[in-house]
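The primary structure of each chain is shown beneath.
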Number of protein chains: 2
Amino acid sequence: MTRVHCTQLAPRVADLPHNRELTAAAVRGAAARGADVIVLPELATSGYRLNSVAEAASVALTPHDPLFTQWGTAAPDSVVVGGFCELGTDGRLYNSAAILDRGELIAVYRKTHLWDDEKLLFTPGPEAPPVLDTSHGRIGALICYDLEFPELTRKLALNGAELLAVPTNWPLQPRPTGERAPEVTIAMAAARINHLAIACCDRTGTERDTHFTGATTLIDQHGWIRAEATDTGTAHTDLDLTASRNKRLTPHADLLADRRPELY
Amino acid sequence: MTRVHCTQLAPRVADLPHNRELTAAAVRGAAARGADVIVLPELATSGYRLNSVAEAASVALTPHDPLFTQWGTAAPDSVVVGGFCELGTDGRLYNSAAILDRGELIAVYRKTHLWDDEKLLFTPGPEAPPVLDTSHGRIGALICYDLEFPELTRKLALNGAELLAVPTNWPLQPRPTGERAPEVTIAMAAARINHLAIACCDRTGTERDTHFTGATTLIDQHGWIRAEATDTGTAHTDLDLTASRNKRLTPHADLLADRRPELY
């Protein structure tokens, strides 16, 4: 079994020193609770509602920043996936996720589907996210709005992902009474149709004009919710990620083999 | 506004005379209530749990069957989408949907994704479903398991569908207390990520070893449920199908334009 932790935070916009401490403490806390996989929110080090390219640049980090070493030291036996505002060697800003395994940075994924005003700050990532063979399973990382593109979740399933780790910052939207956040419904559907576990780590709080949903959700490969957080704090569950490998549901039904790619 | 009706039925397996009457009465009843679009379940004329190719053949219809004329006469101003067991001119059996507009059969769609044992009875359809310009909007028809392939719902959205009419026979599956049928969650997600209304007409009852879910659901283009039926009978709602045409959610977000097809 793989113990997956999502730590729902409320970063402060453009306050890098605060967010360094906040995220390092979150990683340390999850590791102390035995987390094998630790997911933090999108843009956890910078906050979300950055006013300008200049403000975003002022809190951007390179993948060589000591913060990631700090995360790795705090969780030397875990996989860590957390969002940050990245300054590329090309001088551009990206909405990225750092992925660490056993203390080392093993990949940086740059969000490929930028939501709304993010397009005014960030460059869209040039490559689809990798599926990484980690010490705790085959893991793919997406960021927030990426999850609403089933082409991408399908691609990661076809590439053998057993778990999608999804840092998010879901802006609060109106919804009918009793309904879940729509992004959670989309994640549940993506999990079920791909028979693939998904861990969405959201954030809470308000930045400037934006309220966040606070809907961290861990979903198993049947599409059912195993743990949630609605306030700041952790949600965690133990998942059998090897179950994600089998796409055969019945003797004659197989979620991937039943595709008809010649028709799409 | 377009008044969409789903009539949830409990056909009898392999009892064609009964199901002829049942479906014709359903179309007549929906038309009498002012339905612009009428959706019936999958395999409504044959029942679902057909034991053998021979039994399926015994209740198969060609698209020229007088039943479809009867449906058309019963709803001369409506679009009707209903499932039937089709005998093709090639001698093969298909799990099909008849689509009528203003009394005339305008298309037959043959299910492209056959679920489980259906593969022992039917030939998978050779073509993706069309998007039809009808007198009540641009409508695409899918059948049941088809809806779980986001490649197909996306294709119909890209082809301009404003409403997906989905005859289904959802076998009852275990689910956690308080959760909707998983197929409904999948339909809600498909509606929201494509900004497209979806009307799923399910069935009730039990045939041989199979219990049906009875989860007819009409979903608007935001992915919210507008009407449901849990027992035999109709669910209906008025939908502004023209709203499905606009995929721009915010000044800088557009659900279809934001795709990155070069990455998938």
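These numbers come from a predicted model, not from an experiment.

**Student:** Explain the relation of the copies chain B and chain A to me, please; I cannot follow it from the model alone.
**Tutor:** These two copies of the chain differ by a rotation about an axis and a displacement along the same axis. Here chain B sits on chain A after a turn of 180° about the axis and a move of 0.0 Å along it, with an RMSD of 0.0 Å. Here the symmetry operator amounts to a two-fold rotation axis.

**Student:** Help me understand the packing of aromatic side chains in this model?
**Tutor:** Each aromatic ring pair is characterised by the separation of its centres together with the angle its planes make. All names here are of chain A. Tallying each qualifying case throughout the model produces 10 aromatic pairs over all chains. Centre to centre, the rings of Trp-115 and Tyr-145 are 4.9 Å apart; their planes meet at 75°, and the pair counts as edge-to-face. Taken together, the positions of Trp-115 in the loop between strand S5 (104-110) and strand S6 (131-134) and Tyr-145 in the loop between strand S7 (137-141) and helix H4 (150-158) put the pair 30 residues apart, joining distant regions of the chain. For the cation-ring pair, Arg-203 lies above Phe-212, with the distance from its terminal atom to the ring centre recorded as 4.1 Å.

**Student:** How should empty space enclosed by the protein be read in this particular structure?
**Tutor:** Rolled over the atoms, a probe sized like a water molecule indicates the empty space that remains. Inspection of the entire model under this criterion finds three cavities of 30 Å³ or more. Taken as a whole, the largest cavity encloses approximately 120 Å³ of empty space. In terms of lining, the largest cavity is formed by 15 residues, of which the most central are Pro-150, Ala-189 and Ile-193 of chain A together with Pro-150 and Ile-193 of chain B. In the lining of the largest cavity, the residues fall into 12 nonpolar, two polar and one charged. Considering only enclosed or pocket space, the second largest cavity measures out at about 50 Å³ in volume. Around the second largest cavity sit Pro-182, Thr-185 and Ile-186 of chain A together with Met-188, Ala-189, Arg-192, His-222, Gly-223 and Trp-224 of chain B, which together line it. At the level of elements, helix H5 (182-194) of chain A together with helix H6 (182-194) of chain B are the ones that each hand at least two residues to the lining of the second largest cavity.

**Student:** I tried to follow the layout of surface pockets on my own but got confused; where do I start?
**Tutor:** Roughly 510 Å³ of internal volume is contained in the largest pocket. As for the largest pocket, its lining consists of 26 residues, of which Trp-115, Pro-171, Gln-173 and Glu-183 of chain A together with Arg-192 of chain B are closest to the centre. At the level of elements, strand S11 (210-211) of chain A together with strand S15 (248-250) of chain B are the ones that each hand at least two residues to the lining of the largest pocket. Split by residue class, the lining of the largest pocket holds 11 nonpolar, eight polar and seven charged.

**Student:** What am I meant to see in the interface of chain B and chain A here?
**Tutor:** By a frequent convention, interface size equals the accessible area lost on bringing the separate parts together. In this assembly, 46 residues from chain B lie in contact with 46 residues from chain A. Contact between chain B and chain A buries roughly 4100 Å² in total, counting both sides, with carbon and sulfur atoms accounting for 61%. When the area that chain B buries against chain A is broken down by residue, the three leading residues are Trp-224, His-252 and Tyr-264 of chain B, summing to 16%. Inspection of the chain B/chain A interface yields eight salt bridges. Salt-bridge contacts for Asp-258 of chain A lead to Lys-119 of chain B; the nearest nitrogen and oxygen are separated by 2.6 Å. Here chain B is connected to chain A by 26 residue pairs in polar contact (both at pLDDT 80 or more). At the level of elements, helix H4 (118-121), helix H5 (150-158), H6, S15 and strand S16 (253-254) of chain B are the ones that each hand at least two residues to the side of chain B that touches chain A. With seven residues, H6 of chain B is the single largest residue contributor to the side of chain B that touches chain A. Residue classes in the side of chain B that touches chain A are distributed as 23 nonpolar, seven polar and 16 charged.

Cut-off values and rules
- Residues numbered from 1 in each chain as written.
- Chains lettered and ligands numbered in written order.
- Predicted model: local features only at pLDDT ≥ 70, side-chain atom pairs only at ≥ 80, totals over all residues.
- Heavy atoms only, no water.
- Least-squares fit on C-alpha atoms with pLDDT ≥ 70 in both.
- Phe/Tyr/Trp six-rings, centres within 6.5 Å; stacked < 30°, edge-to-face > 60°.
- Helix = DSSP H or I, 4+ residues; strand = E, 2+ residues; numbered from the N terminus.
- Lys NZ or Arg CZ within 6 Å of the ring centre and 35° of its normal.
- 1 Å grid on protein atoms, 1.4 Å probe; cavity = no way out; pocket = protein on both sides within 12 Å on 5 of 7 lines; lining within 4 Å.
- Points joined across faces, edges and corners; volume = space filled by probe spheres on them.
- Nonpolar A, V, L, I, M, F, W, Y, C, P; charged D, E, K, R; others polar.
- Contact = heavy atoms within 4.5 Å.
- Buried area = accessible area lost by both parts, 1.4 Å probe.
- Salt bridge = Lys/Arg side-chain N within 4 Å of Asp/Glu carboxyl O.
- Polar contact = N/O pair within 3.5 Å; in protein donor to acceptor, adjacent residues only side chain to side chain.

Worth remembering: the numbers are spatial, not functional.
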